[in-house]
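Coordinate inspection notes
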Amino acid sequence: MGSLKEICGGLPLHPLPENRGRKKEVPHVPVRTPNLTAQEEKLALQNALRYFPPDIHKELALEFADELKHYGHIYMYRFCPEIEMRAYPIEEYPCKTKPAAAIMHMIMNNLDPSVAQFPQELVTYGGNGQVFSNWAQFWLVMHYLSEMTEEQTLVMYSGHPLGLFPSHQYAPRLIITNGMVIPNYSSRNEYEKMFAMGVTMYGQMTAGSYCYIGPQGIVHGTVLTVLNAGRRYLGVEDLAGKVFVTSGLGGMSGAQAKAAVIAGCVGIIAEVNEAALLKRYNQGWLMEITDSLDHCIARLREARENKITLSLGYHGNVVDLWERLVYELDTTGEQLIDLGSDQTSCHNPFSGGYYPVQISFEEANQLMATNPGRFRALVQESLRRQVAAINKLSDKGMFFWDYGNAFLLEAQRAGADVKKTGANKTEFRYPSYVQHIMGDIFSLGFGPFRWVCTSGDPQDLAATDLIATSVLEDAIHQGVSAAVKQQYHDNIRWIREAGRHRLVVGSQARILYSDQKGRVSIAVAINRAIAEKRIKAPVVLSRDHHDVSGTDSPYRETSNIYDGSAFCADMAVQNFVGDAVRGATWVALHNGGGVGWGEVINGGFGLVLDGSAEAEERAKMMLSWDVSNGVARRCWSGNSNAYETICQAMEETCKLQVTLPHQVVDESILEQALHH
């Protein structure tokens, strides 16, 4: 079975572990097709073998070459540990420092089969969001962490542990970069080759930064999105009887079913992968499942008419569902749905992120490996069909938004009718959820703050929930703006209902959308509770990279930046550096995440609260920067919410001085000057 002590002992070489290959009981990533040349294949094999001494190269070379041939990557299945992979209580990790043990806790949660999408390929979510590139890296990282002192920093290059380097106690214990490829070579084709050769990695967002907390990590944001879509598009606070249709239940998209129930609507979610569907159903995240479109439509009608809260998983292709809804509209005149979106992994459309409607799931997995050109053509035809159906339903009053998964971007590339006349290149026929909903929330400084109780004790999580609720209620009592007050009330409702909705999958974690003031106050209160022994063990603070400051992504997080800087990545890079110098325990900077490789730069952090005065000061300093950076940038781009928010922050913090923009009041002078 293995033990924590064993996995901290370095690579198991004498004797070599038995090569059990791929496990049948877990889902596996689709076969990759990197199209390596003979020389590149040789290099991939050579790169993999350099983790091992020469006396075992001959034995390992054969099986690594076989993996490369059959799966398009060398995962080193032989070295997949036999230990039950989960987030163990922090006290059980054999480490010299608590921060190192906390990082181990987070890594093992990302690889927990109940959390990870493809655990044996080290993919946490999104179809290709890697924790590491291969299992040798896992063993080495765990060993380094067990040896780490407060005067060392572990450096990670795209999954590869470069080593422990001397630093000091105030430096980060871990610095991660993933996919930092020279811009002119940051294409999908180049990525597939470089990943196969083991020299770069796609860390998604919180996969490669070790901060994923299961589908709960996005469910709160999805709830807020659906609630605010109801307010904006439908003009209602109560979503009872309103129908929301979408797709994807595999990784982060698994949150959609739970979000529909919490929001009180009728959620119909399509998923082609039966294993993913059953996983969410068995975890209690889906109320019902069916593989019949007839039953799906009948159940939709019943729930809609009787205003029954429902999450129904349809085992089938979402294009069939969209086209059936069009058929119902054409034959009965009845518009059955109110809201629509899509959460397939369209950032990775030709390697298992999107399955074409024309063929079965099994046929698609085979075709993408044997004839990738044909598979690509089918995907693009399927996207055109999907958009055509969505357009017909939208013309009759259904409101659709892009969920930042590159759906509209890939649909545009496929030739679908998503163009918006007179728009800039980040705008389409339908808005992204950032442009219409979450962007305003980000500009107020609110984003997906989260924490993990490393004791693994649900009672500690319950204690932090009470602390967070009390902090937000106190903030409301002291007086806040109407916009902030609504967000606080939404968050208090979220926290109070969290236990009832069984949101925890994996580590004892909670996510909460909060602003700068709320994040700092919650962190300080939790840290003091640890000092007073009301919480048994350290707590890791983090956030999704999808946040106020963490991500520059012109088709998602910064899609509502209209001053021409949406394609610039200064904010995310500055955030990574700023968090590192202000007290973060670890920091990460990634190429790709959400909308795909080469489309985004994003970063995240982990901060360990241990009850010390030093931890409190780190939290105050780092969390304030982590929010203010993005609010200041959004203010400079012309966002009025961000302007008011950063001005308020400057009033409260005398050391904060931000350059404020002056608005051009009379725009006619621009035309006059240009045509002078």
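In this report, we go over the structure that sits alongside the text. Note that this is a predicted model, so its numbers are computed, not measured.

Bringing a negative patch on the surface into the picture now. Together, Glu274, Asp291, Glu362 and Glu363 make up a negatively charged patch on the protein surface. Following the sequence through the fold, Asp291 ends up in the loop between strand E8 (288-290) and helix H10 (293-306).

To continue, consider the packing of aromatic side chains. Scanning the entire structure with this criterion turns up 25 aromatic pairs. Geometrically, the ring pair formed by Phe132 and Phe138 is edge-to-face, given 6.3 Å between the ring centres and 70° between the ring planes. Phe132 gets classed as buried once you look at its relative accessible area, which sits at 0%. The aromatic ring of Tyr88 is capped on one face by Arg86, whose charged end is 4.0 Å from the ring centroid. Above the plane of the ring of Trp285 lies Lys258, whose end atom (NZ or CZ) is 5.4 Å from the centre.

This model, assessed by the stated rule, comprises 42 salt bridges. Between Glu84 and Arg86 there is a salt bridge; the shortest N-O distance is 3.5 Å. Of the residues examined, Arg86 reaches a relative accessible area of 30% and is grouped as partly exposed.

Residues Tyr157, Leu162 and Phe165 make up a contiguous nonpolar surface patch of roughly 280 Å² in combined accessible area. Along the chain, the position of Leu162 falls in strand E4 (residues 160-166). The class of Leu162 is partly exposed, set by a relative accessible area of 36%.

So, on to the environment of Gln152. Relative to the elements of secondary structure, Gln152 occurs in strand E3 (residues 152-157). Taking C-alpha positions, Gln152 is 38 Å from Asn491, a pair spaced 339 residues apart along the chain. The residues touching Gln152, leaving out its near neighbours within four places in the chain, are Glu147, Leu164, Phe165, Ser167, Pro172 and Arg173. A polar contact of 3.0 Å, which involves the side chain of Gln152, links it to the backbone nitrogen of Thr149.

If you trace the six strands from one edge of the open sheet to the other, you get E8-E9-E7-E6-E10-E11, paired in parallel fashion. What marks the edges here is a single partner per strand, and that holds for E8 and strand E11 (399-400). Packing against the sheet, helix H11 (residues 318-332) makes contact with strand E6 (243-247), strand E7 (266-271), strand E9 (310-315), strand E10 (339-340) and E11, and its axis sits at approximately 145° to E6.

Next up on the list: the side chain of Gln283. With respect to the helices and strands, the residue Gln283 is situated in the loop between helix H9 (274-282) and E8. Take Gln283: its relative accessible area is 17%, and that puts it in the buried class. At 3.0 Å, the side chain of Gln283 and the backbone oxygen of Ser114 are in polar contact. Engagement of the side chain of Gln283 in a polar contact is seen with the side chain of Arg280, the distance being 2.7 Å. Not counting residues within four places of it along the chain, the set of residues in contact with Gln283 comprises Ser114, Arg502 and Val505.

Before going further, it helps to examine the pairing of E4. Bridge analysis of E3 against E4 gives six bridges, and the strand direction is antiparallel. Across the sheet, the residue bridging to Met156 is Pro161, located in E4. With antiparallel pairing between neighbouring strands as the criterion, E3 and E4 make up a hairpin whose turn holds two residues, including Ser158 at a positive phi of roughly 45°.

Attention now goes to the nonpolar core. By size, the foremost hydrophobic cluster in this structure holds 156 residues, and its most contacted members are Phe52, Phe64, Met76, Phe79, Phe138, Tyr210 and Trp451. Sequence-distant contacts of Phe64, that is, excluding residues within four places in its chain, are made with Leu45, Ala48, Leu49, Phe52, Ile74, Met76 and Phe79. Residues Leu300, Leu329, Leu409 and Ala411 belong to the second largest nonpolar core, which totals 54 residues.

This part is about the environment of Thr124. Along the chain, the position of Thr124 falls in strand E1 (residues 123-125). Residue class for Thr124 comes out buried when judged on its relative accessible area of 0%. For Thr124 and Ala207, which are 83 residues apart along the polypeptide, the C-alpha to C-alpha distance reads 5.6 Å. When near neighbours in sequence (up to four residues on either side) are disregarded, Thr124 contacts Asn110, Val115, Ala116, Gln117, Gly129, Val131, Ala207 and Tyr212. At 3.1 Å, the side chain of Thr124 forms a polar contact with the backbone oxygen of Asn110.

Taken N-terminus to C-terminus, the directions of helix H7 (residues 216-234) and helix H18 (residues 482-498) make an angle of 130°; their axes are 12 Å apart at the nearest point. Overall, the two elements H7 and H18 adopt an arrangement that is oblique. The crossing of H7 and H18 is right-handed. In contact with Gln216, Val219, His220, Val223, Leu224, Leu227 and Arg231 of H7, H18 contributes Gln486, Asp490, Asn491, Arg493 and Trp494.

Each neighbour pair has its own omega, and for His14 with Pro15 the value is 0°, a cis peptide bond. Looking at the secondary structure, you find Pro15 in the loop between helix H1 (4-7) and helix H2 (38-49). Residues other than glycine seldom take positive phi values, yet Ser158 does so here, at roughly 45°. Classification of Ser158 as buried rests on a relative accessible area of 8%.

Cut-offs applied
Residues numbered from 1 in each chain as written. Predicted model: local features only at pLDDT ≥ 70, side-chain atom pairs only at ≥ 80, totals over all residues. Heavy atoms only, no water. Patch = residues over 30% accessible without salt bridge, like charges linked within 9 Å, V, L, I, M, F, W, Y side chains within 5 Å. Areas by Shrake-Rupley, 256 points an atom, 1.4 Å probe, with all protein chains shown as cover. Salt bridge = Lys/Arg side-chain N within 4 Å of Asp/Glu carboxyl O. Lys, Arg positive; Asp, Glu negative; His and termini not counted. Charge placed at Lys NZ, Arg CZ, Asp CG, Glu CD. Helix = DSSP H or I, 4+ residues; strand = E, 2+ residues; numbered from the N terminus. Phe/Tyr/Trp six-rings, centres within 6.5 Å; stacked < 30°, edge-to-face > 60°. Buried < 20%, exposed > 50% of the residue type's maximum accessible area, 1.4 Å probe, protein only. Lys NZ or Arg CZ within 6 Å of the ring centre and 35° of its normal. Contact = heavy atoms within 4.5 Å. Polar contact = N/O pair within 3.5 Å; in protein donor to acceptor, adjacent residues only side chain to side chain. Pairing = 2+ DSSP bridges. Axes fitted to C-alpha atoms, helices over the stretch in contact; angles between N-to-C directions. Core = buried A, V, L, I, M, F, W, Y, C linked by side-chain atoms within 4.5 Å. Parallel < 35°, antiparallel > 145°, perpendicular 65-115°, else oblique. Left-handed = near helix turned anticlockwise from the far one by under 90°.

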